[in-house]
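In case you want the letters, here they are:
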Amino acid sequence: MNIKKIMHVENLTHFYGNQIGCKGINFDLYKGEILGIVGESGSGKSTLLKCLSGEISPSAGKINISLDQGGVKDFLSLPEQEKRQLMRSMWGIVHQNPRDGLNLRISAGGNIAERLLNVSEKNYSFLRNTGKYWMEKTEMDSDRIDEFPLSFSGGMQQRLQISKILSSNPQIVFMDEPTGGLDVSVQAKILDTIKSIVRDINVTMIIVTHDLAVVRFLTDKLLVMKDGIVVETGLTDRVLDDPQHSYTQLLTSSILQV
Amino acid sequence: MKTGFNFAYLDEATKRMIRRKILKAVCIPGYQCPFGGREMPLAYGWGTGGIQVTASIIGKQDILKVIDQGADDTTNAVSIKNFFKRVCNIMTTDRTAEASLIQTRHRIPETTLNKDQIIVYQVPQPEPLRKLEPKEKETRKLHAYKEYALMHVKLYEEISQFGSVIKTWAYPVETNNRYITDPTPIPKFDNPKMNNMEALQLFGAGREKRIYAIPPYTKVKSLDFDDHPFEIQTWDECCSICGSTKSYLDEIIINNEGKKNFICSDTDFCKSNLEKNK
Ligand SMILES: Nc1ncnc2c1ncn2[C@@H]1O[C@H](COP(=O)(O)OP(=O)(O)OP(=O)(O)O)[C@@H](O)[C@H]1O
Ligand SMILES: [Mg+2]
Ligand SMILES: [Zn+2]
């Protein structure tokens, strides 16, 4: 098999002053792969994701990325302009709180249009149709395209944020506990939606969660973190069914197996 | 000329500083250059930015025209004209074709400007992105990185809500395929005149202390969508004084019953047109 490597991470380390955020992280991410990051609260999941998505610059380490155009690049030394451009179209972050990823002053359709306008031609019908298409894809009512985000429920806001990010056909999507703030029943439905879409459009994704059911259900590969370091990594099924590290064993035994 | 003032009111060092900024602005069409704006003997909002630009470039040979909403005889236009008469002892005119320098608020004259003329716009708010992004630090980045999606989102929202873009004045333009620029509160009717204009266009914002420029023969494009192209205002009526069908018309109410009349907003154009048709 010749699947393209799109991210190579080496010794990635971040300290908040003396406080360790994450340390010595190594992994490769291949096109179409869904990588899960699990671990207890404070284990460094969000710190790692923020380093990967350019939100914070790590204290040490290397991230090589391989874009569809332009070959392999050293992500950490990209100029700010290129990083921003990447985030606005080719990469996307789905925030835990949808309000961090949506512009509340513009309509649902406007939010999706904003992302598309970073890459597309200036054509109103195209923006309109693509907006509706993605709302339906995330199981929203596309008749509500002109409503503002605050008129939607939390779950719908999250669906809108996902529509917005996916509409530009991104190469990598980063999600940090995308259903964290929602009711359990709503969580399950949104995860269903995410699952069906990611398989459908073959997106590459890194998702942070502390929910092992989500991990089993969604991811191909897993990083298990504790105290800022990766204690175990491997194919999701292998890690969950045959955990090697004592912490992973503890983690997997603490949930009901489905 | 009133003694006790330097020519054109500002001291020479200040004028030189402003001219340097103007040159920079001309080199980077549509880019807002910060400048060390001076206090002028009138309040912000009355054209202090435009006056400083005019004062820095005006010469003894210049013939100045000042308009406010297209009219030469409004209070604001007259007092700016009188100010320059006092501090420069120069000639002024109402005739667009005779003027070498035109300071304007809210209109571009109907008469096509030529390469020997300069038009100075008074600018209340130089930043076209301000309403969409309140933080100056961020708007500077948006300009620097040419991240203008928000601007089109604004148009998208208007089309979605009202069926078409309803913004009729201060309609944003893209200058020289690069910077999004606020054309000042002129009606969008005037936007096409900015494109490829032979005259140099200078913009002065007093309160915000910004100068920007559009050099002669520069491409100026009003933002739009392929399938919702930019359009200017049109009227079913013609000017009730001169009969013009090509000029920007102001609507005026002429009696207590609310009867409406339309007249040219450009008073000089209206007069000349009337004479020509006699
Ligand atoms: N801005 C910060 N300043 C200082 N320390 C921080 C900061 N952000 C996180 N930390 C610390 O870094 C460590 C890793 O935090 P991080 O937020 O990455 O964990 P997490 O795995 O995402 O936890 P959670 O599951 O609660 O979201 C923790 O000890 C945390 O207290
Ligand atoms: Mg976290
Ligand atoms: Zn007329």
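Residues numbered from 1 in each chain as written. Chains lettered and ligands numbered in written order. Predicted model: local features only at pLDDT ≥ 70, side-chain atom pairs only at ≥ 80, totals over all residues. Heavy atoms only, no water.

S.K.: Help me get a handle on the overall build of chain B, residues and values and all.
M.R.: If you tally the helices and strands in chain B, you get 7 helices and 12 strands. For a compact globule of 278 residues, the expected C-alpha radius of gyration is about 19 Å, and chain B comes in at 19 Å, within 12% of that figure. Along the longest, intermediate and shortest principal axes, the C-alpha atoms of chain B span 60 × 55 × 35 Å. For chain B, with 278 residues in total, the buried portion stands at 53%. Taking all contacts inside chain B whose residues are at least 6 apart in sequence as the whole, residues at least 24 apart take part in 62%. As displayed, chain B offers around 13000 Å² of accessible surface, 52% of which is attributable to carbon and sulfur atoms. (Helix = DSSP H or I, 4+ residues; strand = E, 2+ residues; numbered from the N terminus. Rg over C-alpha atoms; globule rule 2.2 N^0.38 Å. Buried < 20%, exposed > 50% of the residue type's maximum accessible area, 1.4 Å probe, protein only. Contact = heavy atoms within 4.5 Å. Areas by Shrake-Rupley, 256 points an atom, 1.4 Å probe, with all protein chains shown as cover.)

S.K.: How would you explain the overall build of chain A if you had to name every residue and give the values?
M.R.: On a plain count of helices and strands, chain A comes out with 9 helices and 10 strands. Taking 258 residues into account, the globule formula puts the C-alpha radius of gyration at 18 Å, and chain A, at 18 Å, falls close to it. Its C-alpha atoms give chain A principal-axis dimensions of about 55 × 45 × 40 Å. Per-residue burial over chain A gives 52% buried out of 258 residues. Taking all contacts inside chain A whose residues are at least 6 apart in sequence as the whole, residues at least 24 apart take part in 64%.

S.K.: Requested: an account of the side chain of arginine 115 of chain A, with residues and values cited.
M.R.: Residues and elements named next belong to chain A. Considering the arrangement of structural elements, one finds arginine 115 in helix α3 (residues 108-117). Buried arginine 115, no salt bridge; nearest opposite-charge side chain is glutamate 114, N-O distance 9.2 Å. From its side chain, arginine 115 meets the backbone oxygen of isoleucine 165 in a polar contact 3.2 Å long. Within the local environment of arginine 115, its side chain forms a polar contact with the side chain of serine 168, the two groups lying 3.0 Å apart. Once you skip the residues sitting within four places of it in the chain, arginine 115 turns out to touch Met87, Arg88, Ser89, Trp91, Gly92, Lys164, Ile165, Ser167, Ser168 and Pro170. (Lys, Arg positive; Asp, Glu negative; His and termini not counted. Salt bridge = Lys/Arg side-chain N within 4 Å of Asp/Glu carboxyl O. Polar contact = N/O pair within 3.5 Å; in protein donor to acceptor, adjacent residues only side chain to side chain.)

S.K.: Go over the interface of chain A and chain B, please, and point to the residues and values.
M.R.: Accessible area lost upon the coming together of the parts is a frequently used measure of interface size. Taken residue by residue, the interface counts 24 residues in chain A and 23 residues in chain B. For the chain A and chain B pair, buried surface summed over both sides reaches about 1900 Å², with 52% attributable to carbon and sulfur atoms. Its largest share of buried area at the contact with chain B, chain A owes to Arg84, Lys122 and Tyr124 of chain A, together 33% of the area lost on that side. Joining chain A to chain B, the criterion identifies 4 salt bridges. Across the contact surface, chain A and chain B share 13 residue pairs in polar contact (both at pLDDT 80 or more). Of all the secondary-structure elements, those providing two or more residues to the side of chain A that touches chain B are α2 (80-90), α3 and α4 (124-137) of chain A. With 5 residues, α3 of chain A is the largest single contributor of residues to the side of chain A that touches chain B. Its residues assigned to classes, the side of chain A that touches chain B comprises 7 nonpolar, 8 polar and 9 charged. (Buried area = accessible area lost by both parts, 1.4 Å probe. Nonpolar A, V, L, I, M, F, W, Y, C, P; charged D, E, K, R; others polar.)

S.K.: Please provide a residue-by-residue account of the coordination of the zinc ion (ligand 3), values included.
M.R.: The protein atoms donating to the zinc ion (ligand 3) are Cys239 of chain B (SG), Cys242 of chain B (SG), Cys264 of chain B (SG) and Cys270 of chain B (SG), with metal-donor distances spanning 2.2 to 2.3 Å. Taken together, the 4 donor atoms coordinating the zinc ion (ligand 3) and their angles of 106 to 117° define a geometry best described as tetrahedral. (Donors = N, O, S within 2.8 Å, 3.2 Å for Na, K, Ca; no water. Tetrahedral: all angles 85-135°; square planar, octahedral: opposite > 155°, others 65-115°.)

S.K.: Would you mind going over the pairing of strand β2 (residues 19-30) of chain A in detail, with residue names and values included?
M.R.: Residues and elements named next belong to chain A. Two strands pair when backbone bridges link them, and strand β1 (residues 5-16) and β2 are joined in this way by 8 bridges, in the antiparallel orientation. Paired with phenylalanine 15 across the bridge in β2 is isoleucine 20. The antiparallel hairpin formed by β1 and β2 contains 2 residues in its connecting segment, where glycine 17 sits at a positive phi of about 65°. (Pairing = 2+ DSSP bridges.)

S.K.: Break down the packing of helix α2 (residues 48-57) of chain B against helix α3 (residues 75-88) of chain B for me, with residues and values.
M.R.: Residues and elements named next belong to chain B. Between α2 and α3, the shortest axis-to-axis distance is 12 Å and the interhelical angle comes to 30°. As judged from the angle between their axes, α2 and α3 are roughly parallel. The way α2 lies across α3 gives a crossing that is right-handed. Along its contact with α2, which presents Ile51, Thr54 and Ala55, the element α3 presents Ile80, Phe83 and Phe84. (Axes fitted to C-alpha atoms, helices over the stretch in contact; angles between N-to-C directions. Parallel < 35°, antiparallel > 145°, perpendicular 65-115°, else oblique. Left-handed = near helix turned anticlockwise from the far one by under 90°.)

S.K.: Help me get a handle on the site of ligand 1, residues and values and all.
M.R.: Residue and element names in this part refer to chain A. Around ligand 1 sit 13 residues, and of these Ser41, Gly42, Lys45, Ser46 and Thr47 come closest. Between an oxygen atom of ligand 1 and a side-chain N or O atom of glutamine 19, the distance comes to 3.0 Å. Within the side chain of lysine 45, one N or O atom sits 2.7 Å away from an oxygen atom of ligand 1. Coverage of ligand 1 by the protein chains reaches 59% of its 640 Å² of free accessible surface. Mapped by element, the contributors of at least two residues to the shell around ligand 1 are β2 and α1 (45-52). Residues that form the shell around ligand 1 fall into these classes: 2 nonpolar, 8 polar and 3 charged. (Near = heavy atom within 4 Å.)

S.K.: Describe the sheet that holds β1 of chain A, and please don't skip the residues or the numbers.
M.R.: Residues and elements named next belong to chain A. Across the sheet, 4 strands lie side by side as β2-β1-β4-β5; this open sheet has antiparallel pairing. Each edge of the open sheet carries a strand with a single partner, namely β2 and β5 (72-74). Strand-to-strand, the axes of this sheet are offset by a mean angle of 20°, without reference to chain direction. Where α1 meets the sheet, it contacts β1, β2 and β4 (60-66), and its direction lies at approximately 125° from that of β1.

S.K.: Account for the pairing of strand β3 (residues 34-39) of chain A, with residues named and values stated.
M.R.: All names here are of chain A. Buried residues dominate β3, accounting for 6 of its 6 residues. Of the two faces of β3, the one lined by Ile34, Gly36 and Val38 and the one lined by Leu35, Ile37 and Gly39 are each fully buried. Here β3 runs beside strand β8 (residues 204-208); their pairing, made up of 4 bridges, is parallel. Bridging from a neighbouring strand, isoleucine 34 pairs with methionine 205 of β8. Pairing geometry for β3 and strand β9 (residues 221-226), over 5 bridges, is parallel.

Honestly, that's just the spatial picture; any functional story needs more than this.
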